[in-house]
Amino acid sequence: MKVNYKKVKSSHFGHSVCMLILMMVFQSFDSVGQVGRVKTSLNHGWQFSRTIASDSLEWEAVNLPHTWNAQDVMDDKPGYHRAVCSYRKELQIDSRWKGKNLFIYFEGANQVADLLVNGKKVGSHTGGYTGFIVRVDQFLNFEEGARNEIVVYVDNRHNENIPPLSADFTFFGGIYRDVFLIATDRVHFSLDHAAKGIYVTTPRVSEEEASLHISGFLENTSEKDQRVRLKTTLRNPDGKVIGERTSLANLRKGSQTPLVLNMPNVQKPKLWSPESPNLYHVLVQVLDARSNTVLDEISSPVGFRWFRFDAKTGFHLNGKPYKLIGASRHQDFKGLGNALPDSYAIQDLKLLKAMGGNFLRVAHYPQDPAVLEACDRLGLLASVEIPVVNAITETEEFYQNCRSMQVEMIRQNFNHPSVIIWAYMNEVLLRMKFVGQPERQKIYISNVAKLARELEELTSKEDPSRYTMLAHHGDYTRYKDAGLLDIPMITGWNLYQGWYSGNIAGFAGFMDRFHQEYPDKPVVVTEYGADADPRIRSLSAERFDKSMEYSLDYHEIYLKAIMDRPFIAAGMAWNLADFNSETREETMPHINNKGLLTIDRKPKDIYRFYQSKLLSAPFIQI
Ligand code: GCB
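Since the structure is predicted, the reported quantities are computational estimates derived from the model, not experimental observations. (Residues numbered from 1 in each chain as written. Predicted model: local features only at pLDDT ≥ 70, side-chain atom pairs only at ≥ 80, totals over all residues.)

Novice: Can you break down the overall build of the protein chain residue by residue, with the values?
Specialist: A count of helical and extended segments in the protein chain gives nine helices and 32 strands. Its C-alpha atoms give the protein chain a radius of gyration of 25 Å, within 12% of the compact-globule value 25 Å for 622 residues. In terms of overall dimensions, the protein chain has C-alpha extents of about 75 × 60 × 50 Å along its principal axes. Once local pairs closer than 6 in sequence are excluded, the contacts in the protein chain between residues at least 24 apart make up 70%. (Helix = DSSP H or I, 4+ residues; strand = E, 2+ residues; numbered from the N terminus. Rg over C-alpha atoms; globule rule 2.2 N^0.38 Å. Contact = placed C-beta atoms within 7 Å.)

Below is the structure:
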């Protein structure tokens, strides 16, 4: 972030008004007696300023998650505050923490964040939708009574090099997800890319037997080599230990050691599915080989399932055809913007389940970790994507940001059995650049395709066990000519026949034509929807009237067409709920109201329609 920050001087905190605030923001940690890893919330007691703060009087007291746009999208004025803003917090760290590695872990800050500890810049992160972690113990003062100042500058200004560039949602700025202080021993699982440190795969699963493979990295940041014992314990969904393995390893000082652990196969595994989300749990512990003290430990859910997408017969789960029906979701709620406590994510997914849905498109960006945790637990399959929406910028910096977002998305979310698809572009040729300059436009399109190929390759290298997908808008030839239909494993169509264009029946015709031309390409309907304002009723529903009745006709015809066609693997309504989109000026200003639920999660008639269809009929073949 190229900004000249005026230093946040500690002398500012001499003001009496500030002393009052300080008493509230000050946080100390003393849970040092514990062994292994300690994770403490840093959500409380922050100060916030809507500028690059140079004067303490500008601070206001806030808790996280927080966005500075929650209020300014509620007023009628156009636009919202896109700027560099500041967060500040004081920490006192017990001297007994000395000798530990201390990290600050941000689940997400939109969209560029710079972290300063005691006035020194110690880390930064680009991209608002993935987590990041910064080691800070070298910069902290552990002396008794010493106060450490943490400052985070967060920037949500438009930046041509960071996706998303433009999109139909509001780019709320802030530290809008949870923040933690993590203390580890000098020996710990790698926290690179803010990933879990272990990667769990289930290479072969059948009803008879399932294999479990764990890899990862251990770091020894101490001054001496260390001999450790690795202990892996697998528990079944009832919590009973069904497998244990131990092995010894030598960790060279100052190095990362790759870790490969194979557990004994599980016989007759209880399979994971949306109807029976059976979760096993694996715990990997690193113990000092001599004293047997736990140095670090990580646990992860394990779901044994296998799946495939077939171009003719759609999706198959655990060996059986299985129609995926669900919706996309934005991380957004009335009055809160994107700064949602975990319980809001869980509530949304429960609503999707209660509707009879079995699939969530996490669109258009990776969301709070609580989302996929809840998908695993509640039983929802999921696709996750990075926010390359509408257009790209042809610079190496943009490309690099896309790559790192893709890697972070995959590594941070790798262990969720609910995830079956990684995606990386949505309607990327919608805002077509260089109109009227055919030669230049050709180059642009080939650069889009080049980026797609790179991200495809990167994804299959990072995780060959999942499928890849791109979502396109209905301009078929545009994506075909660009070669974008050939690159990912699945083609997704965002189709709005009967809304933005044509009539509702045109949807089925489009899908049939695509399938005829691409009989070997698995295909899903990544979006379909129509504005639906619960205040509007109509006796003669017609396109664009935004009535409940029109949206009911629309969804009924789309759902039937999806269900009737085995080659359509999935249908995802746009959107689970209405959401903030600052540029929209419709019956509900600044809101996209294609949701099945209102922005404060009241069911619309279309939600009830899905509920009656999906819960009462054997629509979903299991
Ligand atoms: C789309 C976009 C989505 C929009 C939606 C709409 O195709 O992918 O971001 O919100 O249409 O409602 O126009």
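Novice: Explain the domain arrangement of the protein chain to me, using residue names and the numbers behind them.
Specialist: Reports of interface size often rely on the accessible area that becomes lost once the parts have come together. Taken domain by domain, the protein chain consists of domain 1 (10-188), domain 2 (193-302) and domain 3 (323-616). In this assembly, 13 residues from domain 1 lie in contact with 15 residues from domain 2. Of all the secondary structure elements, the ones that give two or more residues to the side of domain 1 that touches domain 2 are strand S6 (101-106), strand S9 (132-135) and strand S12 (187-189). Of the residues in the side of domain 1 that touches domain 2, the class split is five nonpolar, five polar and three charged. (Domains from an automatic or database assignment. Nonpolar A, V, L, I, M, F, W, Y, C, P; charged D, E, K, R; others polar.)

Novice: Mind laying out the site of the ligand, listing which residues take part and the relevant values?
Specialist: The environment of the ligand is formed by Ala167, Asp168, His364, Asn426, Glu427, His473, Asn494, Glu527, Trp574, Asn592 and Lys594. Each residue belonging to the shell around the ligand can be placed in one class, and the counts come to two nonpolar, five polar and four charged. (Near = placed C-beta within 6 Å.)

Novice: Before we move on, could you go through the packing of helix H8 (residues 548-564) against helix H9 (residues 605-616) and cite the residues and values that matter?
Specialist: Remark: H8 packs on H9, axes separated minimally by 9 Å, with the N-to-C direction vectors making an angle of 30 degrees. By crossing handedness, the relation of H8 to H9 is classed as right-handed. Note on element contacts: H9 touches H8 through Asp605, Ile606, Phe609 and Lys613, opposite Met548, Ser551, Leu552, His555, Glu556 and Leu559. Of the residues contributing to the contact of H8 with H9, the split by class is five nonpolar, two polar and three charged. (Axes fitted to C-alpha atoms, helices over the stretch in contact; angles between N-to-C directions. Left-handed = near helix turned anticlockwise from the far one by under 90°.)

Novice: Mind laying out the sheet that holds strand S23 (residues 324-329), listing which residues take part and the relevant values?
Specialist: Strand order around the closed barrel formed by eight strands is S23-S24-S25-S26-S27-S28-S29-S30, with parallel pairing between neighbours. For this sheet, the mean inter-axis angle between neighbouring strands, taken without regard to orientation, is 25 degrees. (Pairing = 2+ DSSP bridges.)

Novice: Give a description of unusual backbone geometry that names residues and reports values.
Specialist: Residue Pro65 is bonded to the preceding Leu64 through a cis peptide linkage, with omega at -5 degrees. Its location among the elements puts Pro65 in the loop between strand S4 (60-62) and strand S5 (84-93). A cis geometry characterises the amide bond from Ala363 onward to His364, with omega recorded as 0 degrees. The residue His364 is located in the loop between strand S24 (359-362) and helix H3 (369-378) in this model. Positive phi, close to 60 degrees, is recorded for Phe434, a residue that is not glycine. Mapping Phe434 onto the fold places it in the loop between strand S26 (419-426) and helix H5 (438-462). Look at Phe434 and you get partly exposed, because 13 C-beta atoms sit within 10 Å. (Buried ≥ 20, exposed ≤ 12 C-beta atoms within 10 Å, placed from the backbone.)

Novice: A description of the pairing of strand S3 (residues 46-49) should follow, citing residues and the corresponding values.
Specialist: Both faces of S3 are covered, namely the face carrying Trp46 and Phe48 and the face carrying Gln47 and Ser49. Bridge analysis of S3 against S4 gives three bridges, and the strand direction is antiparallel. Considered in S4, the bridge of Gln47 is made with Ala61.

Novice: Give me the lowdown on H5, citing residues and values where you can.
Specialist: Here H5 spans 36 Å end to end across 25 residues, near enough to the 36 Å set by a 1.5 Å rise per residue. Taken together, the buried positions of H5 are Ile445, Val448, Leu451, Ala452, Leu455, Glu456 and Thr459. (Expected span 1.5 Å × (residues − 1).)

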